[in-house]
Amino acid sequence: MKPAAFTYHRAHDVADAVALLTDLAAAGEDPKVIAGGQSLMPMMNFRLARPTALVDLGPLRRVPSMTAISERDGTLTLGALVTHHAVETATLSPDWAVLSRTMRWVGHRPIRSRGTVAGSLVHGDATAEWCLLALLLDAVVVAEGPAGRREIPAGELFHGFYATAVDPDEVVVEVRFTRPSPHAALTEFARRHGDFAIVDAAVALDVEGSAVRGGRVVLGGVAPAPVRVPEAEAALAGEAGDDRWAAVADAAVAAIDPPDDGGTTAAYRRRLTRTLVTDACREAAGGIP
Amino acid sequence: MTATELPAEVAGPRFEGRRGRWVGASVPRHEDPRLLTGRGRFVDDITLPGMLHAGFVRATVAHGHLTGVDLTATRAVSGVVAAFDAGDLALGDVVALLDRPAEEFTPTAMPVLAKDKVRFVGEPVAIVIARDPYAVEDGIEAAVVACDPLAAVVDEPSALAAATTVHDGAPDNVLLDVSMFDTPGVDEGFAEAAGDGPEGSSTRGGCVVEVTTRSGRQNALPLETRGAVASWDARDDQLLVQTCTQVPHQVRTMVARCLGVPERTVRVTVPDMGGGFGQKCVVGREEIAVAAVARRLHRPVKWIEDRREALTAGFLAREQHYDTRAAFDADGRITALAVDVVCDMGAYSCYPFTAGIEPLMASAEMPSVYRVPAYRVRGRAITTNKAPTAPYRGVSRPQYVTAIERVMEKAARALDLDPVELRRRNVITEFPYTGVNAVTYDPGTYRESLDLAEETLRSEGWFGARDGGDRHLGIGFCCFSERTGYGSEAFAKRRMTVVPGFDLSEIRMDTTGAVVVTSGTMNHGQSHETTFAQIVADRLGIDVARVKLRQGDTERIAYGWGTFASRSVTIGGSAVALASERLGELLCRIAAHLLETRPENVAMDGSGGVIVVDDPARRLSYEDIADVAYLRSHLLPKDVEPTLTATASFDVPGDGTFSNATHAVVVEVDPGTGQVRILRYVCVEDCGVVIHPQVVDGQCRGGIAQGIAGALFEEVTYDEHGEPSAASFIDYLVPTATEIPDVSITHLETPCAFTENGAKGAGEGGTIGAPAAVLNAVNDALRHTGVELDTTPIHPATVLDALEGTP
Amino acid sequence: MNDPHLLTLHVNGTEHEVVVEPRRTLADVLRHDLHLTGTHVGCEHGVCGACTAHLDHAPVRACLVFAVQAEGADVRTVESLDHDGELSDLQQAFTDHHALQCGFCTPGFLMLAEGVLAESPDASREELREALSANLCRCTGYQTIVDAVCATAASRREKIS
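Every value quoted in this text rests on a predicted model; they were computed, and no experiment measured them. Within every chain, residues take consecutive numbers counted from 1 along the sequence as written. Note on labels: chains are lettered from A, ligands numbered from 1, in written order. Where totals are concerned, whole chains, interfaces and linings use all residues; where local detail is concerned, this predicted model gives features only for residues with pLDDT of at least 70, and gives and counts side-chain atom pairs only at 80 or more. As a convention, hydrogens and water are excluded, and side-chain values are obtained from all of the structure's heavy atoms.

## Thoughts on the overall build of chain A
And then number 1: By definition, any uninterrupted DSSP run of H or I lasting at least four residues is a helix, any uninterrupted run of E lasting at least two residues is a strand, and each is numbered from the N terminus. Across its full length, chain A carries ten helices and 15 strands.
And then number 2: Relative to its length of 289 residues, chain A is compact, with a C-alpha radius of gyration of 19 Å against a globular reference of 19 Å.
And then number 3: Based on the C-alpha atoms only, the size of chain A along its principal axes is roughly 60 × 45 × 35 Å.
And then number 4: Residues counted as buried form 61% of the 289 residues belonging to chain A. We compute the radius of gyration from the C-alpha atoms alone; for a globule the expected value is 2.2 Å times N to the 0.38, where N is the number of residues. Classification of residues uses two cut-offs on accessible area relative to the type maximum, computed with a 1.4 Å probe and protein chains only: under 20% is buried, over 50% is exposed, and between them is partly exposed.

## A closer look at the interface of chain A and chain C
In many reports, interface size means the accessible area that the parts give up when they come together.
And then number 1: The interface is formed by 31 residues belonging to chain A together with 29 residues belonging to chain C.
And then number 2: For the pair chain A and chain C, the two sides together bury roughly 2,700 Å², of which 57% comes from carbon and sulfur.
And then number 3: Salt bridges, as used here, are contacts in which a Lys or Arg side-chain nitrogen is within 4 Å of a carboxyl oxygen on Asp or Glu. Across the chain A-chain C interface, the total number found is five salt bridges.
And then number 4: Between A:K2 and C:E44 there is a salt bridge, with the nearest N and O atoms lying 2.6 Å from each other.
And then number 5: Two N or O atoms count as a polar contact when they lie within 3.5 Å, although within protein this holds only if one can serve as hydrogen donor and the other as acceptor, and sequence-adjacent residues are included solely when both atoms are side-chain atoms. At the boundary of chain A with chain C, the tally comes to 15 residue pairs in polar contact (both at pLDDT 80 or more).
And then number 6: When residues of the side of chain A that touches chain C are traced back to their parent elements, those giving at least two are β1 (7-10), α2 (40-45), β3 (53-56) and α5 (109-114) of chain A.
And then number 7: Per-element accounting of the side of chain A that touches chain C gives the leading share, five residues, to α5(A).
And then number 8: Polar here means any residue other than Ala, Val, Leu, Ile, Met, Phe, Trp, Tyr, Cys and Pro, which are nonpolar, and Asp, Glu, Lys and Arg, which are charged; Gly is therefore polar. Classifying every residue of the side of chain A that touches chain C by side-chain character gives 15 nonpolar, nine polar and seven charged. Contacts are residue-level and defined by heavy atoms, with any inter-residue pair within 4.5 Å sufficient. The term buried area means the drop in 1.4 Å probe accessible area that two parts suffer when joined, counted for both and summed.

## A closer look at the pairing of strand β23 (residues 503-509) of chain B
Residues and elements named next belong to chain B.
And then number 1: In terms of burial, β23 is largely enclosed, as five of its seven residues are buried.
And then number 2: With seven bridges joining them, β23 and strand β29 (residues 644-650) adopt antiparallel strand pairing. The residue bridging L504 from the neighbouring strand is S649, located in β29.
And then number 3: A pair of strands counts as paired when DSSP detects no fewer than two bridges linking them. Two elements, β23 and strand β24 (residues 515-518), share three bridges in a ladder whose sense is antiparallel. Residue R508 lies in a different strand from β24, and its bridge partner there is V516.
And then number 4: Two successive antiparallel strands, β23 and β24, enclose a turn made up of five residues, where G513 displays a positive phi of approximately 85°.

## Side note on the packing of helix α7 (residues 248-259) of chain B against helix α8 (residues 285-297) of chain B
Residues and elements named next belong to chain B.
And then number 1: Between α7 and α8, whose axes approach to 10 Å, the crossing angle comes to 55°. Overall, the two elements α7 and α8 adopt an arrangement that is oblique. Classified by chirality, the crossing of α8 by α7 is right-handed. Contacts between α7 and α8 involve V251, M254, V255, C258 and L259 from the first element and E287, I288, A291, A292 and R295 from the second.
And then number 2: For the contact of α7 with α8, the class distribution of residues is eight nonpolar, no polar and two charged. Simply put, an axis is a line fit to the C-alpha atoms, just over the touching stretch for a helix, and the angle between two N-to-C directions goes from 0 to 180 degrees. Should an angle lie under 35 degrees it is considered roughly parallel, over 145 roughly antiparallel, and from 65 to 115 roughly perpendicular; all remaining angles are considered oblique. By definition, turning the near helix anticlockwise from the far helix through less than a right angle yields a left-handed crossing, and turning it clockwise yields a right-handed one.

## Regarding the sheet that holds strand β5 (residues 75-79) of chain A
All names here are of chain A.
And then number 1: An order of β4-β5-β10-β6-β7 is seen for the five strands of this open sheet, with the pairing classed as antiparallel. What marks the edges here is a single partner per strand, and that holds for β4 (69-72) and β7 (148-153). Each adjacent strand pair in this sheet contributes to an overall mean axis angle of 20°, direction not counted.
And then number 2: As paired elements, β4 and β5 share four bridges and run antiparallel to each other. The residue of β5 that forms the bridge with E71 is L76.

## Quick look at the sheet that holds strand β9 (residues 174-182) of chain B
And then number 1: Read from one edge of the open sheet, six strands run β9-β19-β18-β17-β10-β33 (chain B), paired in mixed fashion. The sheet is open, and its two borders are formed by β9 and β33 (791-792) of chain B, each paired with just one other strand.

## Structural notes on α7(B)
Residue and element names in this part refer to chain B.
And then number 1: Taking 1.5 Å per residue as the helical rise, α7 with its twelve residues ought to reach 16 Å, and the 16 Å between its terminal C-alpha atoms agrees with that figure.
And then number 2: Within α7, eleven of the twelve residues are buried, leaving the element largely enclosed by the surrounding structure.
And then number 3: Inspection of α7 places P248, H249, Q250, V251, R252, T253, M254, V255, A256, C258 and L259 among the buried residues, and these make up the whole buried set.
And then number 4: Looking at the buried positions of α7, the neighbouring elements they touch are β4 (94-95), β13 (238-243), β14 (266-269) and α8.
And then number 5: Two residues or fewer after α7 comes G260, characterised by a positive phi angle close to 70°. Any helix carries an expected span of 1.5 Å times its number of residues minus one.

## As for the packing of aromatic side chains
All names here are of chain B.
And then number 1: Pairing of aromatic side chains requires ring centres within 6.5 Å, counting the rings of Phe and Tyr and the six-membered ring of Trp. Pairs whose planes differ by under 30 degrees are stacked, by over 60 edge-to-face, and all others tilted. Tallying each qualifying case throughout the model produces 16 aromatic pairs over all chains.
And then number 2: Here the aromatic rings of F431 and Y446 are separated by 5.0 Å at their centres, their planes lie at 85°, and the arrangement is edge-to-face. With F431 in the loop between α12 (419-426) and β20 (433-434) and Y446 in helix α13 (residues 446-459), the pair connects residues that are 15 residues apart, well separated along the chain.
And then number 3: On the basis of relative accessibility, which here comes to 1%, the residue Y446 falls in the buried class.
And then number 4: Aromatic pair Y559 and W561: ring centres 5.4 Å apart, planes at 80°, arrangement edge-to-face.
And then number 5: By relative accessible area, W561 is classed as buried at 7%.

## Notes on the side chain of B:D329
Residues and elements named next belong to chain B.
And then number 1: In this structure, D329 sits in the loop between β17 (320-328) and β18 (334-344).
And then number 2: When charges are counted, neither His nor the chain ends are considered; positive counts come from Lys and Arg and negative counts from Asp and Glu. Despite its burial, D329 remains without a salt bridge, the nearest opposite charge being carried by R333 at 5.2 Å.
And then number 3: Looking at D329, its side chain comes within polar contact range of the main-chain nitrogen of D331, at 2.9 Å.
And then number 4: For D329, the side chain forms a polar contact with the main-chain nitrogen of R333, separated by 2.8 Å.

## Regarding the interface of chain C and chain B
And then number 1: Contacts between the two partners involve 49 residues from chain C and, on the opposite side, 54 residues from chain B.
And then number 2: In total, about 4,200 Å² of surface goes out of reach between chain C and chain B, with carbon and sulfur atoms giving 55% of it.
And then number 3: Linking chain C to chain B there are seven salt bridges.
And then number 4: A salt bridge links C:R31 to B:D45; the shortest N-O distance between them is 2.8 Å.

## So, the domain arrangement of chain A
And then number 1: Examined at the domain level, chain A breaks down into domain 1 (7-57), domain 2 (68-177) and domain 3 (184-287).
And then number 2: Annotation comment: domain bounds sourced from an automatic or database domain assignment. The C-alpha-based centres of domain 1 of chain A and domain 3 of chain A are spaced at 36 Å.

## Regarding unusual backbone geometry
Trans is the common state for peptide bonds, and a negative phi is the common state for residues other than glycine.
All names here are of chain B.
And then number 1: For the bond from F431 to P432, the omega torsion is -10°, close enough to zero to count as cis.
And then number 2: Tracing the backbone through its elements, the reader meets P432 in the loop between α12 and β20.
And then number 3: Here the bond from T792 into P793 is cis, since omega is -5°, no more than 30 degrees from zero.
And then number 4: One can find P793 in the loop between β33 and α21 (796-804).
And then number 5: Backbone geometry places D416, a non-glycine residue, at a positive phi of 55°.
And then number 6: Classification of D416 by relative accessible area gives exposed; the value is 71%.
And then number 7: Notably, E596 is not glycine yet its phi reads approximately 55°, a positive angle.
And then number 8: You can call E596 exposed: its relative accessible area is 73%.

## A few points about the domain arrangement of chain C
Residues and elements named next belong to chain C.
And then number 1: When cut into domains, chain C gives domain 1 (5-80) and domain 2 (89-160).
And then number 2: Each of domain 1 and domain 2 has a C-alpha centre, and the two are 22 Å apart.
And then number 3: Opposite the 16 residues of domain 1 that make contact, domain 2 presents 13 residues.
And then number 4: Between domain 1 and domain 2, roughly 1,100 Å² of surface is buried when both sides are summed, and carbon and sulfur atoms account for 65% of that area.
And then number 5: By the criterion of area lost to domain 2, the three top residues of domain 1 are H40, H54 and V78, representing 38% of everything that side buries.
And then number 6: Summed over the shared surface of domain 1 and domain 2, the number is zero salt bridges.
And then number 7: In this structure, the connection of domain 1 to domain 2 is made through six residue pairs in polar contact (both at pLDDT 80 or more).
And then number 8: Listing elements by their share of the side of domain 1 that touches domain 2, those giving two or more residues are β3 (52-55) and β4 (58-61).
And then number 9: Residues belonging to the side of domain 1 that touches domain 2 are distributed by class as follows: seven nonpolar, seven polar and two charged.

## A few points about the state of the cysteines
Residue and element names in this part refer to chain B.
And then number 1: Sulfur atoms of two cysteines make up a disulfide when they are within 2.5 Å. A full pass over the atoms with the stated rule returns zero disulfides over all chains.
And then number 2: The thiol of C258 is unpaired, and the distance to the nearest cysteine sulfur, on C350, comes to 14 Å.
And then number 3: Residue C258 is classed as buried on the basis of its relative accessible area, which comes to 4%.
And then number 4: Left unpaired, C350 is separated from the closest cysteine sulfur, that of C281, by 7.1 Å.
And then number 5: Overall, the relative accessible area of 2% leaves C350 in the buried class.

## Digging into empty space enclosed by the protein
The gaps of empty space that remain are located by a probe, the size of a water molecule, rolled over the atoms.
All names here are of chain B.
And then number 1: Cavity and pocket criteria rest on a 1 Å grid covering protein atoms alone: a 1.4 Å probe that fits but cannot get out defines a cavity, protein on both sides within 12 Å along at least 5 of 7 lines defines an open pocket, and an atom within 4 Å of a point defines a lining residue. Grid points are joined across faces, edges and corners, and a volume is the space filled by probe spheres set on the points. A complete count under the given rule lists nine cavities of 30 Å³ or more for this structure.
And then number 2: Looking at the largest cavity, its volume works out to about 580 Å³.
And then number 3: Taken together, 40 residues line the largest cavity, and the ones lying closest to its centre are Q526, T563, S566, Q699 and G763.
And then number 4: When contributions to the lining of the largest cavity are tallied by element, the ones reaching two or more residues are α10 (357-365), α16 (528-540), α17 (568-594) and α19 (693-713).
And then number 5: With three residues, the top contributor of residues to the lining of the largest cavity is α19.
And then number 6: Tallied by class, the residues present in the lining of the largest cavity amount to 20 nonpolar, 15 polar and five charged.
And then number 7: Shared between two domains, the lining of the largest cavity holds at least three residues of each, these being domain 2 (392-488 + 654-804) and domain 3 (502-650).
And then number 8: Around the second largest cavity, the lining comprises 20 residues; the ones closest to its centre are S215, Q399, T402, P771 and T792.
And then number 9: Going through the elements one at a time, β10 (207-215), β17, α11 (397-415), α19 and α20 (765-781) are the ones with two or more residues in the lining of the second largest cavity.
And then number 10: Ranked by residue count, the leading element in the lining of the second largest cavity is α19, at four residues.
And then number 11: Tallied by class, the residues present in the lining of the second largest cavity amount to five nonpolar, twelve polar and three charged.

And the structure:
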């Protein structure tokens, strides 16, 4: 379980990283960006991923914006090298506290030391907590490529099984979350703590007074990519309570067509969906007066 | 050397029978300082000058005729030094035999590297040698293996259908088929319980229960994978194989035989070992291949198994199926037991135990702790295109105990009796007890452990919580015994041609009074360096810190059987004790001569010296005596040879000794996910005299964790092509600190009458009891559903199906 | 470049120069280039935690870091914990509680626990248990490891107050 050979290139700023990616590709190499490496390295050690060149963003940790966490005007901006652990321990306003609370589900502490928010999004695992959070809180991924910067809304980010809209010659610069949600929760089920979820569910409730006006329901593990479930979202509005959450869960279960794989049946994923959506609704509603 | 400080509560002399100052105390472990500071020496920590690295090209299909192995491209890879296939190395096969007729047993020839056929995904086909492990993998990738695939035999039905044959010598895919017992009264027992008995039969009104239990294929999973460093020493004319094995002498034998060289030219040593659990108590073909290559290249060669190899191509275990029928009379007493056992042993018999070890173990011991008057059993070992198996901690006992404990639960339901009460009516209470299986059980606390475990849960209110609340709680029990310390007589009954049993020890005191003692057992986490030192220190009356244990060196230890089957303290510890006593006698004899008194007028004083009994002021320290024994030997008595050395051997007579325990578990099943959570785990166990309480507790807890892993988490499945499902820790679910509960342990103590220290084995019990206890508890939590689960591991989806009434 | 890189690594307060291929993991470089074999390798895919070391004071999987990525960072391994053979309080607690049997997972657990204790000195037993679920142990059943770490946390808190 040793990785195949590759050439190693340190990027000194974002432009340098983009130039390296472009030049290496032009030279016939298959370059890949490495930041925390917590998803990439296991795949390289199994030789399931075998880039011929790695462009290391590590030196960019010296660039303050790359590791910055800032809240302003209803937007939370995370630099591309912000780690899961940094989010876990950051002091965030209630609008964004769901992010910190969710981090205990992301692998284990040593993984969270290195793994980055942007890396997780670009990897695009269907159950990755960050992917669900991106859909839940309307994230915008800012990527820089040879043609300059562009913004990719979360709704356009995930293209299916481990595939995202970030091109191979692009480098993520920052991730902006644009939908503050003081009433949000993510919960998940795995056989062991710290494992990839079999199913995970995230819910954000739009609350006025003590009434729910609407919100978001996002699921992982029920499709090749994380998905919003509009049918379930439509059931959110109304008086908060277990009957409401049951209706939301019913709507979610009816809307999905989960896969039979990895020793887990579609029927079991549906049942987990019912449980987890209900639990996430309850937890999200916890602070409603 | 500093004196060892005892915790306050155990300090002071405590001579109680066989116990002394040290035995019975949790002394600080001798192993710990080096292991805690990163100064242990595991096999991958060894680096030798000029050392090369090895890896294996492995089969990617489960079954097929090997038509070509092309290593040309491999040899051209940068950093690759050499590559060999079976034809290049021309080694003998690994063959393990039983002394049984052909209709009962068929041996397999396991080639070191596959020759004509590959029989499982991961089977080694060629060995690649390179300057570092990275280049090794580059070389492996470049190898071209041509194979004509055959249909894969991947489960019991396809094996027994025998449309495809794994080994030509076993056309029915059965390697062992033995009907060990068919005692009188079995059919009568079933007839009577079914109400078909003769008129006036007193047993009418009983019941017949049937249960089919299955256990998934597991990996013993030592955290340190297998590995070896082999090097050729021209001066010694000897191959040194440093390998992490539980059985160094058996590895030496097989290396010598496969290479066709005298055993003298092979030395096997064992560094620190990161666990074994049985996976390392059989000889691996990789360690033989590495040895052969080191000899051929005259260069040191290291092989470290990686985790993917360990999960797919290492020795696996446990996949078994029991069809059990039992008859009970109206009072709930078992009257007959009939069992059909099928063990899926995978592609080959392991050396030295053979594929027979699991079904023979189950057949011999299935009646467990119960008074079974009539018994019939058939045990089979089948061969399939899956990685071969080794006797993992517990060896069939987790499975047959599960089968009979499920029988007890089902009978209790059928007869409307409390399951603990039903066990009470059947459990052996008078010892020694010779069972229907012709095994004599030495005294234990079967009934007492059961009562105490039940009482513990009762006093904590768990029964009330289960019956009164709206949570899905379940309580499960498992009462069992475990034969430990199999001597040669007990193993010979299994008709192995290689019969383990005895152990040897040599003890030597040097001129400073420090002691080195050897044992043929092999520590791999069990704390022998500490516990054996405790035994020696008590026998000689010296500080435990003055005793150093040496194991795992075929040059230093004349012969040994290593560590498995909970034999180390029972047999190895007895040999060590006897050797210590002989050294004590020698010290006394020399001292009497030097003190000019009668030999019977001296005694060890318990603090490193010999005194004159009727004049205790006259004393010689061991250093004084050693000074004479080595440096002034002209002062020795005429009939005493120089040096302070003694040896002893020990073998357990008869059927060995039985440890026992009852496990009691409370679980909660989550109606939202089907997840099983263990709320309470109680273990009441009896392993005779406890040498080191912390160590025994640790063995229990670690064993229980592995048993829970088997009950709820771990399984290697195969698809229809024989591709294993679990090639990483993403798919092979080793439980963590959040899945394994704290365990309360209570010790009962029935000293063994025929081991030197009164100890029985403690290594495997936890693993044996946990699966049945957890399974019973889950079934109890599901009692309102009418569903009963008899297969491990239990999947949460299955639990949820039961709760929701989905078939 | 694919050719070996000359690296300067700061490990346990000492500067080391090594020449390594970029694909070599930090775990392999620590063990086989610097001969610091206390860091163990158990799975090489970031699950078992036997290789846990500290990178800039945070616990990381040394099998999921390329050595080239660790240049300029402060690397700490199990060899840094004792003081000339005198056990640290955490190491002493491990031996007192019999928190190790074969000892293979032990360095990883020690480094994990040190990282967690430094950050969360007031963590409860259940919080510590969850943090310790990052690593695998096959021998102990974990209970005594949790005991040892809790005891260390308690004694460190006592010292401070």
